Amino acid sequence: MVELPLGQESVATTRKIIHVDMDAFYASVEQRDNPSYRGKPLVVGGSPNQRGVVAAASYEARKFGIHSAMPSITAFAKCPGLIFVRPRFDVYRDISTSIHAIFKRYSDLVEGVALDEAYLDVTENRQNIPYASTIARHIKTAIVQETQLTATAGVSINKFLAKMASGQNKPNGLTVILPEDAIAFVEQLAIEKFHGIGEVTAAKMHSLGIHTGADLKERSPLELTHHFGKAGNYYYKIARAEDDRPVEANRVRKSIGAETSFAQDLSDISQMLQQLEQIAQIVEQRLEQHETRGRTLTLKVKFSDYHQITRSKTMLAPISELSTIFEIAKALFESIDLENRSIRLLGISLSNLDNAKQTQVIQLPLFQNGNIIF
């Protein structure tokens, strides 16, 4: 890996961003704490006998095509010998706190995305280390030494590129995207690999002849917003390796939710309700992760023609239990006149969060000889 110095003329615009992503975090914690689980396919999540959902999958399980948010019964069908472990969010939170203490040794600008993921802005860092890649290596080493877990890091000039870099070499990897390589990296990237472009959106892009970042870069903002709404402006920028979003330390989370885009549109009501229940389980898990509850539940429905509607209900008391979340979401869903229309996306979110802990503590330039140093 080449580490290049960087120029003074870029002081106002060039940042050094690290994205750290723990490797199969929940599953790795369970394998660390129970040696009999090591080297075996394992998921953290609900039982396949109770319409459970996978919260995390070990790398051994991922070889069978198992991933988070997959129904547990589907995961079990893919791997009959799969080990199911109930989540221990109190343990994961404690470990996450320790990991974030490591981040704080290097920067005050740490933005938690989840218990296992964070951005750091180390443009100016607490130890005056000139290379962001050096800081990333120090962080990875400290995590292994202090938690016996591994993390993968990505380093670049903005959050989008750092996130994409961290996904290039998992597990236990480190990837740097230098400023001069950023555009070429994005141009060669398959569109379905872009952070923020899901399966359904990627399929629509394919139908429009957009298969790579280079293809996306050829499209105008007008065309992209016509096909993808407000997200079109974001797609236009990331196709050019541009992302001006700041790393927000102590960002207050305003809502917690989950949504699923379906590879094939749903037209069967019972299927829709089954998917809605599984989404409600994911929301319950995320509320537990963040130790919070919410008073306003919002149901999001996107139809096959991309028309989208939302329905909300505000309760007198905050909620976090699966049965209540699903009951309210189901009532909102049943109030919608489907008119024989099929659905491509369902989502549930809770806002008006009540817990004081909703301020995230988790889920971030130095110059020399005319060039930026990473």
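Just so it is clear, the model here is predicted, and its values are computed rather than measured.

With respect to unusual backbone geometry
In the segment running from Lys170 into Pro171, the intervening peptide bond is cis, with an omega of -5 degrees. Along the chain, Pro171 falls in the loop between helix H6 (159–166) and strand E8 (174–176). Even without glycine at this site, Asn172 takes up a positive phi of about 60 degrees. Within the secondary structure, Asn172 sits in the loop between H6 and E8. What makes Asn172 partly exposed here is its relative accessible area of 44%. One non-glycine residue, Asn352, adopts positive backbone phi at about 55 degrees.

Here we look at the pairing of strand E6 (residues 117–121)
Along a regular strand, successive side chains alternate from one face of the sheet to the other. Counting buried residues in E6 gives five out of five residues, a clear majority hidden from the surface. Of the two faces of E6, the one lined by Glu117, Tyr119 and Asp121 and the one lined by Ala118 and Leu120 are each fully buried. As paired strands, strand E5 (residues 110–114) and E6 are joined by four bridges and run antiparallel to one another. Paired with Glu111 across the two strands is Tyr119, which belongs to E6. If you look at the hairpin formed by E5 and E6, you'll find two residues sitting between the two strands.

Some remarks on the UniProt feature "domain: UmuC" (unreviewed entry) in the protein
Look at the UniProt record and you will see "domain: UmuC" (unreviewed entry) annotated at residues 17–198. Between the first and last C-alpha atoms of residues 17–198 the distance is 24 Å; the span itself is 37% helix and 20% strand.

Observations regarding helix H13 (residues 322–334)
Taking 1.5 Å of rise per residue, the 13 residues of H13 would be expected to cover 18 Å, and the 18 Å separating its terminal C-alpha atoms lies within 8% of that figure. Listing the buried residues of H13 in full gives Ile325, Phe326, Ile328, Ala329, Leu332 and Phe333. For H13, the angular spread of the buried residues around the axis is 165 degrees, confining them to a single face. What points out from H13, more than 90 degrees from its buried face, is the exposed set Ser323, Glu327 and Glu334. Summarising the contacts, the buried residues of H13 are in contact with helix H12 (269–289), strand E10 (294–303), strand E11 (308–319) and strand E12 (343–353).

Concerning the UniProt feature "site: Substrate discrimination" (unreviewed entry) in the protein
The sites that UniProt annotates as "site: Substrate discrimination" (unreviewed entry) are Tyr26. Here Tyr26 shows up in helix H1 (residues 25–33). Not counting residues within four places of it along the chain, the set of residues in contact with Tyr26 comprises Val44, Ala55, Ala56, Phe89, Tyr92, Leu115 and Gln289.

A few points about the environment of Lys170
Structurally, Lys170 can be placed in the loop between H6 and E8. Residue Lys170 is classed as partly exposed on the basis of its relative accessible area, which comes to 29%. Lys170 sits 110 residues away from Glu60 along the chain, and the two C-alpha atoms are 13 Å apart. Ignoring sequence-local partners within four residues, the contact set of Lys170 consists of Asp21, Met22, Asp23, Tyr59 and Thr152. A distance of 3.5 Å separates a polar atom in the side chain of Lys170 from the backbone oxygen of Asp21. A distance of 2.8 Å separates the side chain of Lys170 from the side chain of Asp23, its partner in a polar contact.

Re the sheet that holds E8
The strand order E5-E6-E1-E7-E8 describes an open sheet built from five strands, whose pairing is mixed. Of all the strands in the sheet, just E5 and E8 have a single pairing partner and so form its edges. Taking the axes of each pair of neighbouring strands and ignoring which way they run, one obtains an average angle of 15 degrees across the sheet. Relative to strand E7 (residues 151–156), helix H5 (residues 132–147) is tilted by about 170 degrees, and along the sheet it contacts strand E1 (17–22), E6, E7 and E8.

Overview of the environment of Gly198
In this structure, Gly198 sits in the loop between helix H7 (182–188) and helix H8 (199–207). For Gly198, a relative accessible area of 35% corresponds to the partly exposed category. For the pair Gly198 and Thr260, spaced 62 residues apart in sequence, the C-alpha to C-alpha distance is 9.5 Å.

Observations concerning the nonpolar core
Core analysis: the largest hydrophobic core is formed by 41 residues, its most contacted members being Ile18, Phe25, Tyr26, Phe103, Ile139 and Ile143. Once you skip the residues sitting within four places of it in the chain, Phe25 turns out to touch Tyr92, Ile95, Ser96, Ile99, Leu115, Asp116 and Leu149. Listed in part, the 33 residues of the second largest apolar core include Ile336, Leu338, Ile343 and Ile348.

Description of the sheet that holds E10
As summarised here, the arrangement of the four strands in space is E9-E12-E10-E11, forming an open sheet in which the pairing is antiparallel. Because the sheet does not close on itself, it has two edges, and the strands there are strand E9 (255–266) and E11. The mean angle between the axes of side-by-side strands here comes to 10 degrees, regardless of whether they run parallel or antiparallel. Here eight bridges tie E10 to E11, and the two strands are oriented antiparallel to one another. Bridge pairing in E11 places Val301 opposite Ile309. Its contacts with the sheet place H12 against E9, E10, E11 and E12, and it is angled at close to 150 degrees to E9.

Here's the deal with the packing of H12 against H13
Across the interface, H12 lies against H13 with an axial gap of 9 Å and an inter-helix angle of 140 degrees. Judged by the angle between their axes, H12 and H13 are oblique. Here H12 and H13 pass one another in a crossing that is right-handed. Of the residues in H13, those in contact with Met272, Leu273, Leu276, Glu277, Ala280, Gln281, Val283, Glu284 and Leu287 of H12 are Leu322, Ile325, Phe326, Ala329, Lys330, Phe333 and Glu334.

Reading guide: rules and limits
Residues numbered from 1 in each chain as written. Predicted model: local features only at pLDDT ≥ 70, side-chain atom pairs only at ≥ 80, totals over all residues. Heavy atoms only, no water. Helix = DSSP H or I, 4+ residues; strand = E, 2+ residues; numbered from the N terminus. Buried < 20%, exposed > 50% of the residue type's maximum accessible area, 1.4 Å probe, protein only. Pairing = 2+ DSSP bridges. UniProt positions renumbered as here; feature names shortened; annotations may be inferred. Expected span 1.5 Å × (residues − 1). Arc of directions from axis to C-beta. Contact = heavy atoms within 4.5 Å. Polar contact = N/O pair within 3.5 Å; in protein donor to acceptor, adjacent residues only side chain to side chain. Axes fitted to C-alpha atoms, helices over the stretch in contact; angles between N-to-C directions. Core = buried A, V, L, I, M, F, W, Y, C linked by side-chain atoms within 4.5 Å. Parallel < 35°, antiparallel > 145°, perpendicular 65-115°, else oblique. Left-handed = near helix turned anticlockwise from the far one by under 90°.

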